[in-house]
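# Examining the three-dimensional arrangement
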Amino acid sequence: MKNICVIGTGYVGLPTAACFADLGNRVVTVDIDEAKIAKLKQGQMPIYEPGLEELVERNVKAGRLFFTTSYEEGLQDAEFVFICVGTPSAVDGEADLKYVRAAAQTIAQTMTKPLIIVNKSTVPVGTGDWTAEIISKSQPTPIDFAVVSCPEFLREGSAIADFMQPDRTVLGSVNRQAAEAVAELYAPLKAPLVITDIRTAEMIKYASNAFLATKISFINEISIICERLGADVIEVARGMGFDKRIGDKFLQAGVGYGGSCFPKDVKALANMALTHGMHPQLLNAVMEINDFQRKQIVLKVRDMLGGSLEDKVIGVLGLAFKENTDDVRESPALTVVRSLLNQGAQVKAYDPMAMETASRELKGMILCESPYDVAEGIDALVILTPWNEFKQLNLARIRAAMRTPILVDGRNLYDPEAMRAAGFVYRGVGRGFHGEGKLPNGG
Ligand code: UDX
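In this report, the structure presented in the accompanying data block is examined. (Residues numbered from 1 in each chain as written. Predicted model: local features only at pLDDT ≥ 70, side-chain atom pairs only at ≥ 80, totals over all residues. Heavy atoms only, no water.)

## Section: the overall build of the chain
The helix and strand tally for the chain stands at 17 helices and 14 strands. Over its C-alpha trace the chain gives a radius of gyration of 24 Å, about what one expects of a compact globule, namely 22 Å for 443 residues. Across its three principal directions, the C-alpha atoms of the chain cover 70 × 50 × 40 Å. Counting every position in the chain, which comprises 443 residues, the buried fraction comes to 56%. Here the analysis covers contacts within the chain between residues at least 6 apart in sequence; of these, 73% occur between residues at least 24 apart. A total accessible area of about 19,600 Å² is found for the chain, and carbon and sulfur atoms account for 52% of it. Charge centroids of the chain, computed over 47 positive and 54 negative side chains, lie 3 Å from each other. (Helix = DSSP H or I, 4+ residues; strand = E, 2+ residues; numbered from the N terminus. Rg over C-alpha atoms; globule rule 2.2 N^0.38 Å. Buried < 20%, exposed > 50% of the residue type's maximum accessible area, 1.4 Å probe, protein only. Contact = heavy atoms within 4.5 Å. Areas by Shrake-Rupley, 256 points an atom, 1.4 Å probe, with all protein chains shown as cover. Lys, Arg positive; Asp, Glu negative; His and termini not counted. Charge placed at Lys NZ, Arg CZ, Asp CG, Glu CD.)

Following this line, the structure appears as structure tokens:
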């Protein structure tokens, strides 16, 4: 049993705290947001993450997991403090480090005994050294500390499984002993360990996310070529995926990647390269293709409706950036809805989890109770998030409710031929073999 303090109760902090507690540690979770902590104390989760509520409840009951707004309380017995605060994109694409800075300063001013400070937030290469400097400068009297970078690889929607069964644990520090002490915390997970210097650890995170984003943009570019040349991107990805050097993951063509990590991390890495005099050609292309995927969906709908969206009623299924989350940060669905609204369409939308979060970001949509409510009287239906409940819709009911049976499937959930047989005018992404041989702009 170790004493751990976790700063931040977001998508990274809360699963990290609950999982460390579940491994038998005593964990105090600190957040400066009083409302969030008050809710957590009453057993209400500030985010939706499958399995999280039960895990939190179990560990609170067992007396291993605590919540507070006070750094004093959090650091009182802590041997390790995990910084899990947000690092949003600043306007120029650089990561905004104001929350990391504030956390580091407060830790420095509050700590009363030696501490290992572990950074899990995704931060530009060099931030670990910068954090150490801030802490040294902000301490009223010098107390020993070490900074370790331990980038998170948790996916929203499967954060708990990702924590408990990681592919690897990466630890970077100038202080080998401190890195090994953190490694001990992760030892029960039995994952391969990479212990390295702090800058390399920080870079591993960016390079991993940028590579995954590249895989998605790659298959999306292939999907466009497939549409033109009469091939089916799903079969192409399947055929490629059996090659172990390629692998079958992250090869699903669609509306492009979104979320709190990929868009921000690719942009930040490109920005780091640029500010050091390099021209990040590949990363720029990855971002450009990703933007185009969102635009292409709108172009498809417009094309199928005869060239104009003015006064058309469009149904949207899915607002979250992916399934099993209420998160709409950088969600392709929001970009698509915004563009539909800007072009004069009315939008009726449904998402099983993300309607509240989406309506905070974007006004003007009509929110519906179910996919069948959405379908009522619409000119076209667009699928933007691959939620399970969209995979087996009652198609006859949907079709009967629609004014015109146009369906644009931005996540390739349905089989083009079956959809045509069911009476839909259907288009997926990259399904050229099924007669989708032309780009919507007539190219
Ligand atoms: C990601 C990383 O996977 C995780 O390791 C990191 O630490 C945080 O960022 P997350 O943002 O939760 O996790 O989502 P992920 O499941 O990776 O999906 C990212 C986006 O890519 C989603 O919008 C998803 O729909 C899209 N995607 C994913 C595709 O379009 N095609 C694919 O084949 C896979």
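## Overview of the nonpolar core
The biggest cluster of nonpolar side chains holds 61 residues, and the ones touching the most others in it are Ile314 and Leu340. Top element by residues in this core is helix H13 (residues 332-342). It accounts for five residues. Ignoring anything within four residues of it in the chain, the contact list for Leu340 reads Val298, Leu309, Ile314, Val316, Ala345 and Val347. Ile4, Tyr11, Leu14 and Ile47 belong to the second largest nonpolar core, which has 41 residues in total. (Core = buried A, V, L, I, M, F, W, Y, C linked by side-chain atoms within 4.5 Å.)

## Examining the site of the ligand
Lining the immediate surroundings of the ligand are 19 residues, of which Glu156, Gln252, Cys261, Lys322 and Arg411 lie closest. In the model, an oxygen atom of the ligand is placed 3.1 Å from a nitrogen or oxygen of the Phe153 main chain. In the environment of the ligand, an oxygen atom lies 3.2 Å from a nitrogen or oxygen atom belonging to the side chain of Lys205. When the free accessible area of the ligand is taken as 670 Å², the share hidden by the protein chains comes to 92%. (Near = heavy atom within 4 Å. Polar contact = N/O pair within 3.5 Å; in protein donor to acceptor, adjacent residues only side chain to side chain.)

## With respect to the packing of aromatic side chains
The description of an aromatic ring pair uses the distance of the two centres, along with the angle that the planes make with each other. Following the criterion strictly, the structure yields seven aromatic pairs and no others. With 5.0 Å between their ring centres and 50 degrees between their planes, Phe20 and Phe82 make a pair best called tilted. A residue pair is termed long-range when its members are at least 10 positions apart, and Phe20 in helix H1 (residues 13-22) and Phe82 in strand S4 (residues 80-83) qualify at 62 residues. An aromatic cluster is present here, built from Phe20, Phe82, Phe163 and Tyr186 joined pairwise through their rings. (Phe/Tyr/Trp six-rings, centres within 6.5 Å; stacked < 30°, edge-to-face > 60°.)

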